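Each chain is listed here by its residues.
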Amino acid sequence: MERVNGYHGQYLSIDVSKGTAESLQIAPETLKTYLGGSGLGTRLLLDHRAWEADPLSPEASIVFAFSPLVGSPLTTSAKFAVVSRSPLTDRINDSLASSTFAIAGKRTGNDALLIHGKAPSPSILLIEENDVRLLPADHLWGQSAESTESRLREELGADYSFAVIGPAGEKLVRYATISHSGRHAGRGGSGAVLGAKNIKAIAVRGQQRTEWFDQEGLIKEARDLSKRSFGPATQKYRELGTAANVLVFNRLGCLPTRNFQKGTFESAAELSPEAMDAARDKMRSSCAACTIGCTHIYKIDTDNESKSARIEYENLFALGPLCEVSDQQTVLQASQLCDQYGIDTISTGGTIAFAMECVERGLLDEPWLRFGDNEALLRAIHLIGRDESFGKQLALGSRALAQIIGRGSIEFAPQVKGLELPGYEPRALQTMALGFAVGTRGADHNRSGAYEVDFSEQVDRRNVTLAQARLAVETENKAAIMDSLILCKFLRGVFEDYFAETAAMLNLVTGWGLDSADMLHSAESVVQAKKEFNIACGWTPVEDTLPSRMLTSALEDDHKASLTSDTLNSLIRAYNLERGWDENGFPIVTGDSV
């Protein structure tokens, strides 16, 4: 089969039950349509009929997908996607992450790694160019992600890159993460999928590089993109990190507080990056192959031991205002504990905040678990990570917990399709409300950038119109390209003509001669592939909604922030028609469809 520049043209299908692997070719047309990352990963899951298997069964498949830009000099291109059926939502899940794992994984000579089966005992999956084998990991079982990676580097060598799970992944916490170099493929529980396969870590090493169609032009483009990455579009991320959103969102009344009961937090200033910068030591770092440097790491002093926590807006929102906790030290400790156990901070905070409200309402007999209680937050995280006591139920996520509690608690469980909402209050950001409702992996601010519309001057963010459905589709299409190429979302503001510029960039790598229309076609194909996977899993239109409280009650502190189910349903119909689907959201069947 013809080799395409930027690709190896094959993926590795690994059966960890047997410890065997098979190289399978990828058609050039598949690569041209689905590109890589989330798009390619979803396509491979469809081809392997992965919807047929329970996410935690041996038969389940999980894909680590790279992209044509990995290994190139383009800034932020060292990324990979982890794609599987989610044990939290039972729908498609694609989590992105940045690290040298992307570069080393692609240098094994593969555009993706597809893993299925279950190892007989706790194992390390070692993948090199011509060698795939299982090594014992009994001595690592129970270790944190950071400790595991450190020990593997000592045992195997610094020339390997690793993707590992923490104790939560081993215990099948439904929102367990996969970690690597301090970064995480966080949402949807991919860590539990690996844990169910007895895979504690994946180690990759290789020397196979791909060729670029126009190396000189690519280097020139890389220099220009790096220069633009230092411009005003990324300034706040470099200086303060994403945590800069805390005060902005609070001022706008869209900072979810007290399990989405309010849109403002009285103590928001105490958790601002400005306040933390003044109170404690901080260092900045960058992801692999990144010039932006948005990572801000703060020092924590606990129990005569110095630790640190990487802080982003979502950590702060979920473990702070959402649980009504304002103490810096507690929020930093909580974030560090999530990293230690290997659990998603958004789902952790969302599930705990939901449980806190259930206790407050008398629906749950855990009197120690109260809003604003620092020790209660930390105790709950320990229980989740250790899978002990009430932590066993918290580990299932807010939707499953609501189903256990009953008595109408599902009405205020902060989730869509089982995935906990990120830090954007949908009643105050109503284009984003649509993005949450129709998101294929659930409530998601990364697969839909609809909040950009709400923050623009194009719309009234608290009085949505049907015209905003088209704008939501546009942001979703852009995200589909970003997540398949793969590039950092923080670069989106540096492009003037997004599809034309990304097409030109990809052409320098592949020589395909693509234009804006081709990139739009790829975006739509990726979105549709995810939808088709969900339909095969049993999706129905009633899943595209928000928690009923958000459709029946205004925010307590902003009565103008109100959204009805009729309005949301009208938006969803407009969105579906804009996508070329029927009004209920079922796509027209194509040749590639399930």
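Conventions adopted
- Residues numbered from 1 in each chain as written.
- Predicted model: local features only at pLDDT ≥ 70, side-chain atom pairs only at ≥ 80, totals over all residues.
- Heavy atoms only, no water.
- Helix = DSSP H or I, 4+ residues; strand = E, 2+ residues; numbered from the N terminus.
- Rg over C-alpha atoms; globule rule 2.2 N^0.38 Å.
- Buried < 20%, exposed > 50% of the residue type's maximum accessible area, 1.4 Å probe, protein only.
- Contact = heavy atoms within 4.5 Å.
- Areas by Shrake-Rupley, 256 points an atom, 1.4 Å probe, with all protein chains shown as cover.
- Pairing = 2+ DSSP bridges.
- Axes fitted to C-alpha atoms, helices over the stretch in contact; angles between N-to-C directions.
- Expected span 1.5 Å × (residues − 1).
- Core = buried A, V, L, I, M, F, W, Y, C linked by side-chain atoms within 4.5 Å.
- Salt bridge = Lys/Arg side-chain N within 4 Å of Asp/Glu carboxyl O.
- Phe/Tyr/Trp six-rings, centres within 6.5 Å; stacked < 30°, edge-to-face > 60°.
- Parallel < 35°, antiparallel > 145°, perpendicular 65-115°, else oblique.
- Left-handed = near helix turned anticlockwise from the far one by under 90°.
- Nonpolar A, V, L, I, M, F, W, Y, C, P; charged D, E, K, R; others polar.
- Polar contact = N/O pair within 3.5 Å; in protein donor to acceptor, adjacent residues only side chain to side chain.

Attention now goes to the overall build of the protein. Secondary structure assignment for the protein yields 23 helices and 17 strands. Expected size for 594 residues packed as a compact globule is a radius of gyration near 25 Å; at 22 Å, the protein falls within 12% of this value. Viewed in the frame of its principal axes, the protein has a C-alpha envelope of about 65 × 55 × 45 Å. Taking all 594 residues of the protein together, the buried fraction comes to 63%. Partitioning the intrachain contacts of the protein with sequence separation of at least 6 by distance along the chain shows that 69% fall at a separation of at least 24. A total of about 21,100 Å² of accessible surface is found on the protein, and carbon and sulfur atoms cover 45% of it.

A separate point is the sheet that holds strand β5 (residues 92-98). Across the sheet, which stays open at both edges, the six strands sit in the order β2-β1-β6-β3-β4-β5 with mixed pairing between neighbours. The open sheet has two edge strands, β2 (20-25) and β5, and neither has a second partner. Across the sheet, the axes of successive neighbouring strands diverge by a mean angle of 20°, strand direction being ignored. One ladder, built from four bridges, connects strand β3 (residues 62-65) with strand β6 (residues 112-116); its direction is antiparallel. In the sheet register, A65 faces β6, and the bridge partner there is A112.

This part covers helix α7 (residues 215-228). Within an α-helix, residues lying three or four positions from one another point in the same direction, as the helix has 3.6 residues per turn. Its 14 residues place the ends of α7 20 Å apart at the C-alpha level, agreeing with the 20 Å of an ideal helix rising 1.5 Å per residue. Considered for burial, the residues of α7 that qualify are G217, L218, E221, A222, L225 and S226.

With that settled, the discussion passes to the nonpolar core. Counting residues in each nonpolar core, the largest one holds 146 residues, and the members touching the most others are I343, I352, L369, I381 and F495. Examining the composition of this core, we find that eight residues originate from one element, helix α13 (residues 345-360), more than from any other. If you look at the next biggest cluster of nonpolar residues, it comprises 28 residues, including A104, A119, V193 and V204.

With that out of the way, let us pick up the pattern of salt bridges. By the definition in use, this model includes 31 salt bridges. The salt bridge partner of D131 is R133, with a shortest N-O separation of 2.5 Å. A salt bridge links E221 to R228; the nearest nitrogen and oxygen atoms lie 3.5 Å apart. Residue class for R228 comes out partly exposed when judged on its relative accessible area of 22%.

Turning to the packing of aromatic side chains, a few remarks are in order. Overall, the coordinates contain 18 aromatic pairs when judged by the stated rule. Centroid distance Y7 to W512: 5.7 Å. Interplanar angle 35°. Geometry classified as tilted. Taken together, the residues Y7 in the segment before β1 (10-15) and W512 in the loop between α20 (498-510) and α21 (516-537) connect sequence positions 505 residues apart. Residues F249 and Y313 carry aromatic rings whose centres are separated by 5.0 Å and whose planes lie at 65° to one another, so their mutual orientation is edge-to-face.

For the rest of this paragraph, the subject is the environment of K262. Inspection of the secondary structure assignment puts K262 in the loop between α9 (245-252) and α10 (273-279). Each C-alpha atom of the pair K262 and E556 lies 5.4 Å from the other, and the pair is 294 residues apart in sequence. Apart from residues lying up to four places away in sequence, K262 is in contact with L255, P256, T257, E324, L555, E556 and D557.

So, about the packing of α7 against α20. Look at α7 against α20: their axes get within 9 Å of each other, and the N-to-C directions meet at 140°. Regarding the angle of α7 to α20, the classification is oblique. Crossing angle aside, the handedness with which α7 passes α20 is left-handed. In this structure, α7 contributes G217, L218, E221, L225 and R228 to the contact, and α20 contributes E501, M505, L508 and V509. Counted by class, the contact of α7 with α20 contains five nonpolar, one polar and three charged residues.

What follows concerns unusual backbone geometry. Omega for the peptide link from L485 to I486 comes to -10°, which places this bond in the cis form. Looking at the element boundaries, I486 is found in the loop between α19 (468-485) and α20. Of note in the backbone geometry, N259 takes a positive phi value of approximately 55° without being a glycine. One non-glycine residue, S389, adopts positive backbone phi at about 50°. Position of S389 relative to the elements: it lies in the loop between α14 (374-386) and α15 (391-394). Since its relative accessible area comes to 58%, S389 is described here as exposed.

Another point: the side chain of T108. Relative to the assigned elements, T108 resides in the loop between α3 (100-106) and β6. Within polar-contact distance, the side chain of T108 engages the backbone oxygen of G105 at 2.6 Å. Leaving out residues up to four positions away in the same chain, T108 has contacts with L113, I127, E128, E129, V204, R205, G206 and Q208.

Okay, the pairing of β6 next. Summarising burial for β6: four of the five residues are buried, a large majority. The sheet contact formed by β1 and β6 spans four bridges and is parallel. Bridge pairing in β6 places I14 opposite I115.

The next subject is the pairing of strand β12 (residues 199-204). A large share of β12 lies buried, amounting to six of its six residues. One ladder, built from five bridges, connects strand β7 (residues 123-128) with β12; its direction is parallel. Bridged to I124 within β12 is A201. Two strands pair when backbone bridges link them, and strand β9 (residues 161-164) and β12 are joined in this way by four bridges, in the antiparallel orientation.

Turning next to the environment of P122. If you trace the backbone, P122 turns up in the loop between β6 and β7. On the basis of relative accessibility, which here comes to 14%, the residue P122 falls in the buried class. The spacing of P122 and E170 is 48 residues in sequence and 9.2 Å in space, taken between C-alpha atoms. Excluding residues that lie within four positions of it along the chain, P122 makes contacts with L135, P136, A137, D138, W141 and N198.

Before going further, it helps to spend a moment on the environment of R370. The residue R370 is located in the loop between α13 and α14 in this model. Exposure remark for R370: the relative accessible area of 38% places this residue in the partly exposed category. Those residues within four positions of R370 in sequence are excluded, and the remaining contacts are M356, V359, E360 and A376. A distance of 3.3 Å separates a polar side-chain atom of R370 from the backbone oxygen of P367.

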